[in-house]
Amino acid sequence: MSGQNSGSAAPQSATERESAAVVAFWHNLGLPGLVDIHTHFMPANVLAKVWAYFDQGNAHTDHPWPIVYRQPEDERVALLRAFGVRRFSALAYPHKPGMAAWLNGWETGFAARTPDALHSATFYPEPGADAYVAEAITAGARLFKAHLQVGAYDPRDELLGPVWGLLAEARVPVVVHCGSGPMPGRFTGPGPMSEVLARHPRLIAIIAHLGAPEYGDFLGLTEQYSGVYLDTTMAFTDFLERIAPFPVGLRPRLADAGGRILLGTDFPNIPYSYVHQLQALARLDLGEPWLRAVCHDNAVALLGL
Ligand SMILES: [Zn+2]
């Protein structure tokens, strides 16, 4: 015996240990893996700017945000696969006009070389948005992203009317960052997006971060509209609980909304390890059927995976 490859006695790297913990989580639930509806992949220069934004403390001035997963793109994809994330999104979003169509072109290429990524796309209130959104849907996009805080736009903007209409008609879901956490924006909060839903009640909208910190209002939208979902991104983690704690009194509604909650993590832009998001869901104590639905089955049903 060489002693070098002696099986379980071999020391594991931190990555191997974390992968084993994530795999044990879904395996113990009897799932075939995870579906993560809220991960970010974007052109390297854009991602570098996003990381610089977090490094400079702009995301939330009172709380340092040291991003854990700064590997090159191929290593980040390999890591999600090692975690057993069967499908994951590739959300990108513009902060200014003239950027969304270019991001969508990049996303089409990423989806083509990454078959387990959900082909993702985005938009901005600008002339021609309806045309490039229609083009992205034709090209196979099955998930969009709208970031009202970073984009600093009003979702009721008349240039977006046809965009919401197209998405509603095509039944293509859109992940919308419209809660006021971790930083509020001019058009965040439940008001503006509620008006969009009143005009487009068939829209499939996945509210990012469980709508933090306006959890109750956004849970209310899932009760009002059959197409409103919430993603778990950062919710219930030690990090977000310090900034925007989830009220314990809302847990029964969280249990009732179990069919409309989707696992999301914000990988790779998170200041803690991936497995912590899963542990944060488990410690809610809402039961294994709730966890199975949230971590896999709801997304499979919604996206027809
Ligand atoms: Zn995100």
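Definitions and limits used
Residues numbered from 1 in each chain as written. Predicted model: local features only at pLDDT ≥ 70, side-chain atom pairs only at ≥ 80, totals over all residues. Heavy atoms only, no water. Donors = N, O, S within 2.8 Å, 3.2 Å for Na, K, Ca; no water. Buried < 20%, exposed > 50% of the residue type's maximum accessible area, 1.4 Å probe, protein only. Helix = DSSP H or I, 4+ residues; strand = E, 2+ residues; numbered from the N terminus. Pairing = 2+ DSSP bridges. Salt bridge = Lys/Arg side-chain N within 4 Å of Asp/Glu carboxyl O. Phe/Tyr/Trp six-rings, centres within 6.5 Å; stacked < 30°, edge-to-face > 60°. Lys NZ or Arg CZ within 6 Å of the ring centre and 35° of its normal. Core = buried A, V, L, I, M, F, W, Y, C linked by side-chain atoms within 4.5 Å. Contact = heavy atoms within 4.5 Å. Right-handed = clockwise from strand over helix to strand, strands pointing away.

**Q** Let's hear about the coordination of the zinc ion: which residues, and what values?
**A** Within the protein, the atoms that donate to the zinc ion are His38 (NE2), His40 (NE2) and Asp266 (OD), at distances of 2.0 to 2.1 Å. In primary sequence terms, the donor set of the zinc ion follows H-x1-H-x225-D. By relative accessible area, histidine 40 is classed as buried at 3%.

**Q** Describe the environment of alanine 21, and please don't skip the residues or the numbers.
**A** With respect to the secondary-structure elements, alanine 21 resides in helix α1 (residues 14–28). Here alanine 21 falls in the partly exposed class, since its relative accessible area comes to 32%. The spacing of alanine 21 and arginine 156 is 135 residues in sequence and 43 Å in space, taken between C-alpha atoms.

**Q** Could you give an account of the sheet that holds strand β6 (residues 205–207), naming the residues involved and the relevant values?
**A** Taken together, six strands build an open sheet; the order of strands is β3-β4-β5-β6-β7-β8 and the sheet is parallel. Both edges of this open sheet fall to β3 (120–122) and β8 (261–262), since each of them pairs with a single strand only. Direction of pairing for β3 relative to strand β4 (residues 143–147): parallel, over a ladder of three bridges. Counterpart to alanine 121 in the pairing with β4 is phenylalanine 144.

**Q** Give me the pattern of salt bridges: which residues, what numbers.
**A** Tallied over the full model, the rule gives nine salt bridges. Between arginine 113 and glutamate 73 there is a salt bridge whose closest N-O contact spans 3.0 Å. Residue arginine 113 is located in helix α4 (residues 100–113), and its partner glutamate 73 is located in helix α3 (residues 73–83); the two are separated by 40 residues in the primary sequence. A relative accessible area of 47% places arginine 113 in the partly exposed class. Here the salt bridges share partners, and the residues they tie into one network are Asp154, Arg156, Glu195 and Arg199.

**Q** Let's hear about the packing of aromatic side chains: which residues, and what values?
**A** The full count for this structure, using the stated rule, is 15 aromatic pairs. Ring centres 5.7 Å apart and planes at 45° place the aromatic pair phenylalanine 41 and phenylalanine 88 in the tilted group. Within this pair, whereas phenylalanine 41 is found in the loop between β1 (34–36) and α2 (44–55), its partner phenylalanine 88 is found in strand β2 (residues 85–88), the two being separated by 47 residues in sequence. An identical accessibility class is assigned to phenylalanine 41 and phenylalanine 88; each is buried. With a centroid separation of 5.8 Å and 90° between ring planes, the pair formed by tyrosine 53 and phenylalanine 54 is classed as edge-to-face. Classification of tyrosine 53 as partly exposed rests on a relative accessible area of 30%. In textbook terms, an aromatic cluster arises when at least three aromatic residues are bridged by ring pairs, as seen for Tyr53, Phe54, Trp65, Phe239 and Tyr272. Cation over ring: arginine 113 sits above tryptophan 106, and NZ or CZ is 5.3 Å from the ring centre. The positively charged end of arginine 260 is found above the aromatic ring belonging to tyrosine 229, 5.9 Å away from the centroid.

**Q** Provide a residue-level description of the nonpolar core, including the pertinent values.
**A** Core analysis: the largest hydrophobic core is formed by 93 residues, its most contacted members being Leu34, Phe123, Phe144, Trp164, Leu167, Leu203 and Tyr274. In contact with leucine 167, other than residues within four places in its own chain, are Phe123, Val133, Ile137, Phe144, Val172, Val174 and Leu203. In terms of nonpolar packing, the next biggest core, distinct from the first, is built from 14 residues, Leu91, Ile204, Ala299 and Leu302 among them.

**Q** Please give an account of the pairing of strand β5 (residues 174–177) that cites residues and values.
**A** Burial along β5 is two-sided: the face carrying Val174 and Val176 and the face carrying Val175 and His177 are both buried. Both β4 and β5 contribute to a ladder of four bridges, which runs parallel. Residue pairing for β5: phenylalanine 144 is matched across the bridge by valine 174. Examined bridge by bridge, β5 and β6 share three bridges and lie parallel to one another. Its bridge partner lying in β6, valine 176 is registered against isoleucine 207. The handedness of the β5 to β6 crossover, carried by helix α8 (residues 190–199), is right-handed.

**Q** An account of the environment of valine 77 is needed here, citing residue identities and associated values.
**A** As for its placement among the helices and strands, valine 77 is situated in helix α3. Among the residues examined, valine 77 registers a relative accessible area of 6% and is labelled buried. In this structure, the C-alpha to C-alpha distance between valine 77 and threonine 114, residues 37 residues apart in sequence, is 8.3 Å. Ignoring anything within four residues of it in the chain, the contact list for valine 77 reads Phe41, Phe88, Phe110 and Thr114.

Shape is all these values report; function is a separate question.
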